[in-house]
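Below, each chain spelled out in residue letters.
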Amino acid sequence: MYGSLVVGGAGFEADWFGLLGREVLRERRAALIAEACAWTVGLSDRPHHTRLRGRVVATGSTIGDRAATGQALSGEEDGRIELGDASPGSFQDALNAVDADGTVLADHFDRQVVEPFVHETCLLAADRARRTRPRQWAELLDELGEDPDDVDPADVVRAGEWEQPLRLEAEHLVLAALGRTPLLAVEAEGLPLSLVRAAEAAARAAAAPSPADPEPVEGLSGALFLALAAVRESGLPSPVPPADAGRLAATLLEQGLEPEEVAGVLPHLPLAPGTAGRVQELLRQ
């Protein structure tokens, strides 16, 4: 790992960048907490699942129903050890719950919130290092064999392997702030930012190249919001490939969308060519 390299034999430790990354992460703590809250929006409406005799089954209630009545959201067979001993119905308890395919929600949270946030933080740290610590930055690039005139900060971050320690730090910050907070309270706090993120996703989907410009979605704004949130939280790749059409259809239907609503929002979701047609075939079966 480059994070502990000694540069130039002069006792210069490259770990200064790791410390700078932690500094930038802590400065962005409020933004991280806000993103975590926004991620939970729509979670309470999703069907609750548990593992029973080795199989993932729906309990017949929603995550929100159980959280509101103080029932545990996670089971003993699944979840992460470090998330155990959570208060029933809390944000931490929700992270340890499983979705329909048995994936712990904490895994989705890591991929959709923690990893991109930490990556952006590392890039911001690299920009600050370049501006405020030019000598150390130049020495670091020299040690990594990077050309100062044509360097991609993402390559520097990747070579130094600074992201993984920051991911652990980010997880600790989120749990310290929200871990024991009731899920429904976290969800309510995240609603404003979630609306902003949904609008941004809709704008990106509308700007994506397509064979034909879809007609505006009329009367489906609520369905589109739920669909975008469901896709974002499902862990599906973006754009969603045809191979995942069945999982996408199940995700949208579990979110409460009617088949005709699913068909109406498909042109506005981040889908690979052929996925929308495959979903419509599945809906007709």
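Structure report, in brief. Here the residue numbering is sequential within each chain, running from 1 through the sequence in written order. Residues qualify for local features only when their pLDDT is at least 70, as the model is predicted, and side-chain atom pairs are given and counted only at 80 or more; totals for whole chains, interfaces and linings, by contrast, use all residues. The side-chain quantities take in all heavy atoms of the structure and omit both hydrogens and water.

**Topic: the overall build of the protein chain**
On a plain count of helices and strands, the protein chain comes out with 13 helices and four strands. Partly exposed describes any residue whose relative accessible area lies between the buried limit of under 20% and the exposed limit of over 50%, with all areas from a 1.4 Å probe on protein chains only and scaled to the type maximum. Sorting the 285 residues of the protein chain into buried and exposed places 41% on the buried side. Across the protein chain, contacts joining residues at least 24 apart in sequence account for 68% of those joining residues at least 6 apart. The way it works is that DSSP assigns letters per residue, a run of H or I at least four long becomes a helix, a run of E at least two long becomes a strand, and they are numbered from the N terminus. Whether two residues touch is decided by their heavy atoms; if any such pair falls within 4.5 Å, the residues are in contact.

**A word on the pattern of salt bridges**
When charged atoms on two side chains of opposite charge get close, those side chains can pair. Within this document, salt bridges are pairs made up of a side-chain nitrogen of Lys or Arg and a carboxyl oxygen of Asp or Glu, the two lying within 4 Å of each other. Scanning the entire structure with this criterion turns up twelve salt bridges. In this structure, the salt-bridge partner of Arg128 is Glu27, at a minimum N-O distance of 2.8 Å. With a gap of 101 residues between them, Arg128 in helix α5 (residues 105-132) and Glu27 in helix α1 (residues 16-27) connect regions that are remote in the sequence. Looking at Glu27, the relative accessible area reads 48%, which means it is partly exposed. A salt bridge links Arg278 to Glu281; the nearest nitrogen and oxygen atoms lie 3.2 Å apart. Here the residue Arg278 and the residue Glu281 both occupy positions in helix α13 (residues 275-284), the gap between them amounting to three residues, near one helical turn. Arg278 gets classed as partly exposed once you look at its relative accessible area, which sits at 34%. Salt bridges here are not isolated pairs; linked through shared partners, they connect Arg22, Arg26 and Glu169.

**Focus: the side chain of Thr121**
Within the secondary structure, Thr121 is located in helix α5. We call two N or O atoms a polar contact when they sit within 3.5 Å, provided that within protein one can donate a hydrogen and the other can accept it, with sequence-adjacent residues counted only if both atoms are side-chain atoms. Only 2.7 Å separates the side chain of Thr121 from the side chain of Arg28, close enough to count as a polar contact. Once residues within four sequence positions are removed from consideration, Thr121 is found in contact with Gly21, Val24, Leu25, Arg28 and Leu166.

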